[in-house]
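Secondary and tertiary structure notes
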Amino acid sequence: MDMTVTTYLAYLLIAVPLTIWVARTLSRNGRVFLVDVFQGNADFADAVNRLLVVGFYLINLGFVTLFLRSGRPVLAARGVFEQLSVKLGIVMLVLGVVHLTNVWIFNKIRTRSRLDTTPRPPVPPNDNVQPIAAAEQTARYGY
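Just so you know, these numbers come straight off a predicted model, no measurement behind them.

Right, let's get into the side chain of lysine 87. Secondary-structure assignment places lysine 87 in helix 3 (residues 77-117). The charged side chain of lysine 87 is buried without a salt bridge, its nearest counter-charge being glutamate 82 at 13 Å. Among the polar contacts listed, one links the side chain of lysine 87 to the backbone oxygen of leucine 68, at a separation of 3.4 Å. Those residues within four positions of lysine 87 in sequence are excluded, and the remaining contacts are Tyr11, Phe67, Leu68, Arg69 and Ser70.

With that out of the way, let us pick up helix 1 (residues 4-37). A rise of 1.5 Å per residue sets the reference length of helix 1, with its 34 residues, at 50 Å; its end C-alpha atoms lie 46 Å apart and thus fit the reference within 8%. Maximal helix bending in helix 1 amounts to about 45°, located at glycine 30. Regarding helix 1, the residues found buried are Thr4, Thr7, Tyr11, Ala15, Thr19, Val22, Ala23, Thr25, Gly30, Leu34, Val35 and Val37. Residue glutamine 39 follows helix 1 closely and has a positive phi angle near 50°.

All right, on to a nonpolar patch on the surface then. On the surface, a cluster of nonpolar side chains totalling about 330 Å² of accessible area is made up of Val5, Leu9 and Leu13. In this structure, leucine 9 sits in helix 1. A residue is classified by how much of its surface remains accessible, and leucine 9, at 51% relative accessible area, is exposed.

When pLDDT is averaged along the protein chain, the result is 82, and 82% of the positions lie at 70 or above. For the protein chain, per-element mean pLDDT is lowest for helix 4 (residues 134-141), which scores 67, and highest for helix 2 (residues 42-66), which scores 91.

Here we take up the environment of aspartate 2. Structurally, the position occupied by aspartate 2 is in the segment before helix 1. With sequence-adjacent residues up to four places away left out, aspartate 2 is seen in contact with Pro73 and Val74.

Moving on to the pattern of salt bridges. A complete count under the given rule lists 2 salt bridges for this structure. Note that aspartate 46 and arginine 31 form a salt bridge whose closest N and O atoms lie 2.6 Å from each other. Linking aspartate 46 in helix 2 with arginine 31 in helix 1, this pair joins segments that are 15 residues apart in sequence.

To continue, consider the packing of aromatic side chains. The full count for this structure, using the stated rule, is 3 aromatic pairs. Seen in terms of ring centroids, phenylalanine 38 and phenylalanine 44 are 4.7 Å apart; in terms of plane orientation they differ by 85°. Their pairing is edge-to-face. Judged by its relative accessible area of 18%, phenylalanine 38 falls in the buried class. An angle of 10° between the planes, with centres 5.4 Å apart, marks the rings of phenylalanine 63 and phenylalanine 67 as stacked. Judged by its relative accessible area of 25%, phenylalanine 63 falls in the partly exposed class. Overall, phenylalanine 67 belongs to the partly exposed group, its relative accessible area being 23%.

Parameters and conventions
Residues numbered from 1 in each chain as written. Predicted model: local features only at pLDDT ≥ 70, side-chain atom pairs only at ≥ 80, totals over all residues. Heavy atoms only, no water. Helix = DSSP H or I, 4+ residues; strand = E, 2+ residues; numbered from the N terminus. Buried < 20%, exposed > 50% of the residue type's maximum accessible area, 1.4 Å probe, protein only. Lys, Arg positive; Asp, Glu negative; His and termini not counted. Salt bridge = Lys/Arg side-chain N within 4 Å of Asp/Glu carboxyl O. Polar contact = N/O pair within 3.5 Å; in protein donor to acceptor, adjacent residues only side chain to side chain. Contact = heavy atoms within 4.5 Å. Expected span 1.5 Å × (residues − 1). Bend = angle between axes of the 7 residues up to and from the residue. Patch = residues over 30% accessible without salt bridge, like charges linked within 9 Å, V, L, I, M, F, W, Y side chains within 5 Å. Areas by Shrake-Rupley, 256 points an atom, 1.4 Å probe, with all protein chains shown as cover. pLDDT = per-residue confidence, 0-100. Phe/Tyr/Trp six-rings, centres within 6.5 Å; stacked < 30°, edge-to-face > 60°.

In structure tokens, the structure reads:
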């Protein structure tokens, strides 16, 4: 008995809700991080968060759909589990890579924005100041 269609259905019934759950979890918990990245601008952070969720859905559900096809028929229950484990494992790895890439990019943005807002010192660092000759220092400051 060919169980390929059963494998496809089980794969979709697991991969699609898994993608939705990950997207919602990242959106809900990532909001605080985005607000910090965008220096307290909550409206902008929420807009970026929604755009990220849409992009996340498009990329991951597109990958799930493209990865649905199987090269060989599934003939037994053992084959169903073997194909599901490979397919779902790869989908989870892709979800993780997409998530870590997003975090890395926004951490870079956050680091750069913090460097841009760091106040500059009122005087140049000591290695840029010309040293005063000892005789001039004695004349000027008395020591």
